[in-house]
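# Reading the structure
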Amino acid sequence: MTIEVRFITLADNFFERIGVDFQLSVDDNTGLNNFLPFLPSGGNPPTANSTLFDDSNKTVSIGWNGTTPTGDLDIKLTQGSFAGATPQFGNFNQNTVANFGFAILSDLEVFFLLAAGQGDTRANILQAPKVTLFNGQFAFVSDTTQQPFVTTVIPVVGDFAAAQQPVIVVLNEGTSLSVQAVVSSDRRFVRLTMVPFFSQIGDVKEFTFTGSTTTDSGTTVQDPSNPDQDVVNNTTKTVSGTTVQLPTFAFTTVTTTVSVPDGGTVLLGGIKRLREGRSEFGVPILNKVPYISRLFKNVGIGREAQSLMMMVTPRIIIQEEEEQKLGIEVPEQ
């Protein structure tokens, strides 16, 4: 019989962020623009004809940022929650965000900055191995990549010396399938026992622990400048620190037995991973007021979904029927 297996991996990443940066500045009306930086030390303030004057001096108010006056003494309301509202999932790309800003300049200065970005990426990966086997036989299909890692070391001690022998572990990354097929007596159904194995190597962390190895040769040689005197040549070799690798190995496996009609297809699903995140930052109370709340909060939404499905199709091969298709005469028994 022939067994065709199709591994289908569906990946969907989505992110969306819409934010408004609302800033408000109330004029101080002190008569000076950027009063503190331009005030001469030990001298008189600039005259009324100076370009530093910004208005008609009707009222006086001074802005305060919590510890010191603001740079231009204006009363300001600023919001900076853009960075906090970055979507957690969905592969957010800052370069795709569109920005639109405008300002209203008067005694009441208002500045708006609108940033909006949205992205949706999808991927469909199909693997379709096919294997032919006898009735009741086991078959194994593997499509993997091997990668070695040094996971630990074994100390080796000898005469007046010590060394470290690395322990290498080989991990397989990819897809493998073990299957056994048994045909029913009436040749209409196939009983399949399948063990698919999906593996993936994730982040590899490194760990370094300190240590030293010292070797002293203690070799005695003759002094070239004085043949009557010997010199002890102590050659010392020191090795400090050893680094090992700690890989993250993720795998998914399923063991099942199903009965499938000849030429039918069985679908094994349910292996789905979904991660969603929503980030919202804003000014308390103001982000709850209807209509104007959108000016005082930023929202980021992200989603990452991955689904794994396996479709198995067995086909019973009867040699007599295949020979008839090829025009070969089958001798009568």
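Our subject is the structure that appears above.
Let me begin by describing the structure that accompanies this report. Keep in mind that what you see is a predicted model, and the values were worked out from it rather than measured. (Residues numbered from 1 in each chain as written. Predicted model: local features only at pLDDT ≥ 70, side-chain atom pairs only at ≥ 80, totals over all residues. Heavy atoms only, no water.)

## Examining the packing of aromatic side chains
Applying the stated criterion across every chain, the model contains three aromatic pairs. When the ring of Phe197 is compared with that of Phe251, the centres are 5.3 Å apart and the planes differ by 20 degrees; the resulting orientation is stacked. With Phe197 in strand β8 (residues 189-216) and Phe251 in strand β11 (residues 236-253), this pair connects stretches of sequence that are 54 residues apart. Residue Phe197 is classed as partly exposed on the basis of its relative accessible area, which comes to 28%. Between the aromatic rings of Phe249 and Phe251, the centroid separation amounts to 6.0 Å while the plane-to-plane angle is 35 degrees, which identifies the pairing as tilted. For Phe249, a relative accessible area of 30% corresponds to the partly exposed category. The partly exposed category is assigned to Phe251, whose relative accessible area is 47%. Chaining the aromatic ring pairs together yields one cluster made of Phe197, Phe249 and Phe251. (Phe/Tyr/Trp six-rings, centres within 6.5 Å; stacked < 30°, edge-to-face > 60°. Helix = DSSP H or I, 4+ residues; strand = E, 2+ residues; numbered from the N terminus. Buried < 20%, exposed > 50% of the residue type's maximum accessible area, 1.4 Å probe, protein only.)

## Looking at the pattern of salt bridges
Taken as a whole and judged by the stated rule, the model has six salt bridges. We note a salt bridge from Arg278 to Glu280, for which the minimum N-O separation is 2.8 Å. Arg278 gets classed as exposed once you look at its relative accessible area, which sits at 53%. Here the salt bridges share partners, and the residues they tie into one network are Asp12, Asp120, Arg122 and Arg303. (Salt bridge = Lys/Arg side-chain N within 4 Å of Asp/Glu carboxyl O.)

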